[in-house]
Amino acid sequence: MKNIFKLFMILAVGATTLVGCGDDDSTTPEELEATLGADLTVEIETTVTLDATATVGTISTFEWMVTDPDGTEVSLDGATTSSPSFIATKGGTYDVDLTVASSTGVESTAMGSVIVENPSYETADQMGRPAINTVFNFFGTAEVKNGYNETLPSNGSDDATAFAGILDALQTYIGLDPEQFENILGIGNDALAGVLAVDVLQSDKGSATAYGSLNGRALADDVIDVTLTLAFGDQSTAGEANAVKDGLVSDNVGANDKSFTNSFPYLADPH
């Protein structure tokens, strides 16, 4: 009898031990932490690449939400990867939200931002009008000419007197009277030189393009013909008497034989 009791106790203890092991259902929590790289500051039109490669854990899915400064959701390249990208087309702050999930459904989130700067640009030289810089701009030496081309437009008016002298000489050479010369703007050489020496075009979207305001310039505008017309298209009485030849107010080069493209830099396709 004692032996049966002893056997029963051994089995009971063993069963207790086994049951105790089965009831211990504590497990190590799944480690998952969404991590973004540092907030970015870029210039407008930059391709921005987001970075969640430092995320901790075994990731099943990446879910991104990027909104532009207007609150519009941005379309991402590689939207389901750890490093999607987009082009920052607006200045301001883009909000970035990331949610990662494991295969078991555990989720983690992170937020960040991308600041897009829209810098103001300054004109570095005066090479905008080829007719002015290659034909009319001759102040004696190549060094002086190049110096003018590298001058800020805000300082270009200092050369207006020299420009006026060049216009006077050229008009005299072709038989015009520079003292009476008046172009289609109704101005003479001194005023015209001031316009041409400061090589800057005004741009006002609310105004029409016109000689009078020099407002803007379209790709198809014939810059050479416009300049020659301003310099040699004499509208004064002296001009009528001298009967200026048409060839002096045009380079006789027609428009492009191929259309401009619709994307930057808008140049026509090569032959």
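Residues numbered from 1 in each chain as written. Predicted model: local features only at pLDDT ≥ 70, side-chain atom pairs only at ≥ 80, totals over all residues. Heavy atoms only, no water.

Okay, the overall build of the protein next. On a plain count of helices and strands, the protein comes out with seven helices and six strands. Here the protein holds 271 residues, and 28% of them are scored as buried. In the protein, of all internal contacts separated by at least 6 residues, the share reaching a separation of at least 24 is 61%. (Helix = DSSP H or I, 4+ residues; strand = E, 2+ residues; numbered from the N terminus. Buried < 20%, exposed > 50% of the residue type's maximum accessible area, 1.4 Å probe, protein only. Contact = heavy atoms within 4.5 Å.)

Three or four residues apart is the spacing at which side chains of an α-helix point the same way, because the helix has 3.6 residues per turn. With 14 residues, helix α4 (residues 160-173) should reach 20 Å at 1.5 Å per residue; the first-to-last C-alpha distance of 20 Å fits that figure. The complete set of buried residues in α4 reads Ala160, Phe163, Ala164, Ile166, Leu167 and Gln171. Here the buried residues of α4 occupy an arc of 160° about the axis, which is enough to place them on one side. With respect to the buried face of α4, the exposed residues turned more than 90 degrees away are Thr161 and Tyr173. (Expected span 1.5 Å × (residues − 1). Arc of directions from axis to C-beta.)

Looking now at the sheet that holds strand β6 (residues 107-117). The mixed open sheet is built from four strands, whose spatial order is β1-β6-β5-β3. The open sheet is flanked by β1 (40-43) and β3 (61-67), the only strands paired with a single partner. With direction set aside, neighbouring strand axes in the sheet form an average angle of 25°. (Pairing = 2+ DSSP bridges. Axes fitted to C-alpha atoms, helices over the stretch in contact; angles between N-to-C directions.)

This paragraph deals with the layout of surface pockets. In this structure, the second largest pocket encloses a volume near 210 Å³. Every residue along the wall of the second largest pocket is listed here: Leu219, Ala220, Asp221, Asp222, Asp251, Val253, Gly254, Ala255, Asn256, Lys258, Ser259 and Phe260. (1 Å grid on protein atoms, 1.4 Å probe; cavity = no way out; pocket = protein on both sides within 12 Å on 5 of 7 lines; lining within 4 Å. Points joined across faces, edges and corners; volume = space filled by probe spheres on them.)

To continue, consider the nonpolar core. Judged by nonpolar contacts, the single largest core of 21 residues is most densely connected at Leu50, Trp64, Val66, Phe86, Tyr94 and Val114. Listed by contribution, the elements that provide at least two residues to this core are β3, β5 (92-101) and β6. Filtering out sequence-adjacent residues up to four positions away, Tyr94 remains in contact with Val66, Thr67, Asp68, Pro69, Val74, Phe86, Ala88, Thr89, Gly112, Ser113, Val114 and Val116. Tyr148, Leu196, Leu230 and Ala231 belong to the second largest nonpolar core, which has 12 residues in total. (Core = buried A, V, L, I, M, F, W, Y, C linked by side-chain atoms within 4.5 Å.)

Looking now at helix α6 (residues 223-232). Burial within α6 is extensive, with seven of its 10 residues counted as buried. For α6, the complete set of buried residues consists of Asp225, Thr227, Leu228, Thr229, Leu230, Ala231 and Phe232.

Tracing the backbone through its elements, the reader meets Ser108 in strand β6. Looking at Ser108, its side chain comes within polar contact range of the main-chain nitrogen of Ala34, at 2.9 Å. Setting aside residues no more than four positions away along its own chain, Ser108 makes contact with Leu32, Glu33, Ala34, Leu98, Thr99 and Val100. (Polar contact = N/O pair within 3.5 Å; in protein donor to acceptor, adjacent residues only side chain to side chain.)

The next subject is the environment of Ser83. Tracing the chain through its elements places Ser83 in the loop between β3 and β4 (85-87). The partly exposed category is assigned to Ser83, whose relative accessible area is 31%. Residues Ser83 and Asp51, spaced 32 residues apart in sequence, show a C-alpha to C-alpha distance of 4.8 Å. Leaving out residues up to four positions away in the same chain, Ser83 has contacts with Thr49, Leu50, Asp51 and Thr53.

Side chains bearing opposite charge may pair, as long as their charged atoms lie close to each other. Overall, the coordinates contain two salt bridges when judged by the stated rule. Between Lys90 and Asp68 there is a salt bridge, and its shortest N-O distance comes to 2.9 Å. Of the two residues, Lys90 is situated in the loop between β4 and β5 and Asp68 in the loop between β3 and β4; the sequence distance between them amounts to 22 residues. Looking at Lys90, the relative accessible area reads 28%, which means it is partly exposed. Of the residues examined, Asp68 reaches a relative accessible area of 8% and is grouped as buried. (Salt bridge = Lys/Arg side-chain N within 4 Å of Asp/Glu carboxyl O.)

Bridging between β3 and β5 involves seven bridges; their strand directions are antiparallel. What sits directly across from Glu63, in β5, is Thr99. Hairpin connection, β5 to β6: the antiparallel pair is bridged by five residues, and Gly105 has positive phi, about 95°.

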